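The residues making up each chain are set out below.
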Amino acid sequence: MREVTHFINGERVSGTSGRFGDIFDPNSGQVQGKVALATRGEVEKAVAAAKAALPEWSATNPQRRARVMFNFKRLVEENMDELAELLSSEHGKVISDSKGDVQRGLDVVEFACGVPHLLKGEYTEGAGPGIDVYSMRQPLGVTAGITPFNFPAMIPCWMFAVSIACGNTFVLKPSERDPSVPLRLCELMMEAGAPAGVLNMVNGDKEAVDAILQHPDIKGVSFVGSSDIAQYVYTEGGKHGKRVQAMGGAKNHGIIMPDADMDQVVKDIVGAAYGSAGERCMALPVAVPVGQKTADTFVEAMMDAAQSLRVGVSTDMDAHYGPVVSKAHRERIESYIQMGVDEGADLKLDGRGFQLQGHEDGYFIGPSLFDNVKPSMKSYQDEIFGPVLQVVRAESLEEAARLPSEHQYGNGVAIFTRSGMAAREFASKVNVGMVGINVPIPVPVSYHTFGGWKRSAFGDVNQHGPEGVRFWTKIKTVTQRWPDGDIGDQSFIIPTMQ
Ligand code: NAD
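Nothing here was measured: the structure is a model prediction, and the numbers come from that model.

## As for the UniProt feature "domain: Aldehyde dehydrogenase" (unreviewed entry) in the protein chain
- If you check UniProt for "domain: Aldehyde dehydrogenase" (unreviewed entry), the listed places come out as residues 21–478 in our numbering.
- End C-alpha atoms of residues 21–478 are separated by 50 Å, and the span's content is 43% helix alongside 20% strand.

## Section: helix H10 (residues 262–274)
- Over its 13 residues, H10 runs 18 Å from end to end, which matches the ideal 18 Å to within 8%, given 1.5 Å per residue.
- Among the residues trailing H10, Ser276 stands out with phi positive, at a value near 55°.

## Here's the deal with unusual backbone geometry
- Its identity as a non-glycine residue notwithstanding, Ser276 has a phi of 55°, on the positive side.
- Looking at the element boundaries, Ser276 is found in the loop between H10 and strand S14 (286–289).
- In this structure Ser276 comes out as buried when scored by C-beta crowding, with 25 C-beta atoms within 10 Å.
- Of note, the phi angle at Ala277 is positive, near 55°, even though the residue is not glycine.
- Within the element layout of this structure, Ala277 appears in the loop between H10 and S14.
- Of the residues examined, Ala277 has 33 C-beta atoms within 10 Å and is grouped as buried.

## Structural notes on the site of the ligand
- In the region of the ligand, 26 residues are neighbours, and Pro148, Gly225, Ser226, Gly249 and Cys281 sit closest.
- Residue classes in the shell around the ligand are distributed as 11 nonpolar, 10 polar and five charged.
- For the shell around the ligand, the domains that each give at least three residues are domain 1 (2–248 + 456–477) and domain 2 (253–437).

## A look at the pairing of strand S4 (residues 20–25)
- In terms of strand pairing, S4 meets strand S5 (residues 30–36) through six bridges, oriented antiparallel. What sits directly across from Phe20, in S5, is Ala36.
- If you look at the hairpin formed by S4 and S5, you'll find four residues sitting between the two strands, and Gly29 has a positive phi there, around 75°.

## Quick notes on the sheet that holds S5
- Read from one edge to the other, the open sheet built from three strands follows the order S1-S5-S4, with strand pairing classed as mixed. For this open sheet the edge positions go to strand S1 (3–4) and S4, each flanked by a neighbour on one side alone.

## Notes on the sheet that holds strand S6 (residues 123–128)
- Across the sheet, which stays open at both edges, the three strands sit in the order S6-S7-S23 with antiparallel pairing between neighbours. Pairing within the sheet leaves two strands with one partner each, and these edge strands are S6 and strand S23 (473–481). Each strand of the sheet is rotated relative to its neighbour by a mean of 30°, with strand direction disregarded.
- As paired strands, strand S7 (residues 131–139) and S23 are joined by nine bridges and run antiparallel to one another. Note that in S23 the partner of Val133 across the bridge is Thr479.

## A few points about the domain arrangement of the protein chain
- Splitting the protein chain by domain gives domain 1 (2–248 + 456–477) and domain 2 (253–437).
- Computed from C-alpha atoms alone, the centre-to-centre distance between domain 1 and domain 2 is 31 Å.
- Broken down by secondary-structure element, the contributors of at least two residues to the side of domain 1 that touches domain 2 are helix H3 (80–91) and helix H4 (95–113).
- Broken down by class, the residue content of the side of domain 1 that touches domain 2 amounts to six nonpolar, nine polar and three charged.

Conventions adopted
Residues numbered from 1 in each chain as written. Predicted model: local features only at pLDDT ≥ 70, side-chain atom pairs only at ≥ 80, totals over all residues. UniProt positions renumbered as here; feature names shortened; annotations may be inferred. Helix = DSSP H or I, 4+ residues; strand = E, 2+ residues; numbered from the N terminus. Expected span 1.5 Å × (residues − 1). Buried ≥ 20, exposed ≤ 12 C-beta atoms within 10 Å, placed from the backbone. Near = placed C-beta within 6 Å. Nonpolar A, V, L, I, M, F, W, Y, C, P; charged D, E, K, R; others polar. Domains from an automatic or database assignment. Pairing = 2+ DSSP bridges. Axes fitted to C-alpha atoms, helices over the stretch in contact; angles between N-to-C directions.

Now the structure itself:
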């Protein structure tokens, strides 16, 4: 049985805990490998390797660090097909979507190639008589990232590429469900010229996460996953004196105005709701048509669009989406569909019980569509994270906009309209972190920044872009003067620069 190991100080290291997790192939439902679950001692070894590598790496000039990122980008591109196949085999998303996952990670690596520009500090000449003030951004030290299953290439890159380019060293704890791509990324970083110990990886569960959160040598932790765990990581990491950013779950709404181009809306929402089997934190699982006519037209067109989707194995080039990640997750999604029915929503399309011929044990689930979902329903309030679209009808833009604004999650939201004024007003007022205007999945490009609001993110600094550099560095401000001769009397009042 293939074992996915840890990666410490530049090499693969077998687990010693005797505890392993199963790695499934969601297409077949078969166990295809096992992943070592780290003990606290193994996490400590990874941190020690990162700590030993820190002095030299943080003193390496920023441009030379950036060159490692350039090499890494080239190597990932050369290995794109292999990485995408590996990713699909453990996650279940179709290969073209896996390439997108890798590519969105590479976008952040490209951003990291330019980090030297953002590490430059500020300078004021003559802030007082003969006094200059300047600031510098310095690395935090040993840093860590804890990542979810749904973007096993992109999200690790969000974190380690920026952190390492800023001069930190890193310990990655990827999802135990699809750890093979993160392991390959670690190896490719070494091949790209990162010294041993600069990027390490430990596999594991709560035990490994707690060891990271409590380790005194780790100074900054980035987390992406579900909200309850995000909140725990934020609190526990903060309690141990760390800087923490912790991104959580989502329930993104797409508001459809009566003047929207309905053909385009349906094309956009069918991809955003069902793509990657709905396992995206920026998926669009709630549609809010405004007005009865808009709603009736949308539901009818969406029924046709959803029914014509092809669900297939990850390697099926014509499939729109593949299986979900695990049997337990499929059961959870199906239980939410039942909950929606019990709560009185209209189930127009039922994806439960879907079987793919020849792959009867795979974790497939067909597209589901609910109409007349109400904000009071638990199936609306919770994140389902599957191929289930819920339609909540609204009478006005105000009523529609209140839904995402008042929802517990605030990751992304989209509005579809031809009215610039409505869109502008909506973007300004909505209580959500990322907004799309006629864009269904408004994931910002890497040199902007990614982060939701409310229970979608704990902490106040986003991923990547200048915000990411702020997160992974601390600022030091120097006030200097070079007195020439007598500097006058001692002063007992606070300097005022007068
Ligand atoms: P998850 O919360 O189950 O796992 C995330 C990480 O936390 C994994 O590395 C896992 O090993 C670890 N973990 C799990 N249980 C833990 C515990 N009890 N204590 C400590 N650590 C624990 O999330 P997932 O199922 O892998 O990913 C899906 C979730 O991630 C969804 O909620 C999705 O919305 C969210 N997500 C959010 C974003 C975002 O940027 N906001 C992006 C992607 C995914």
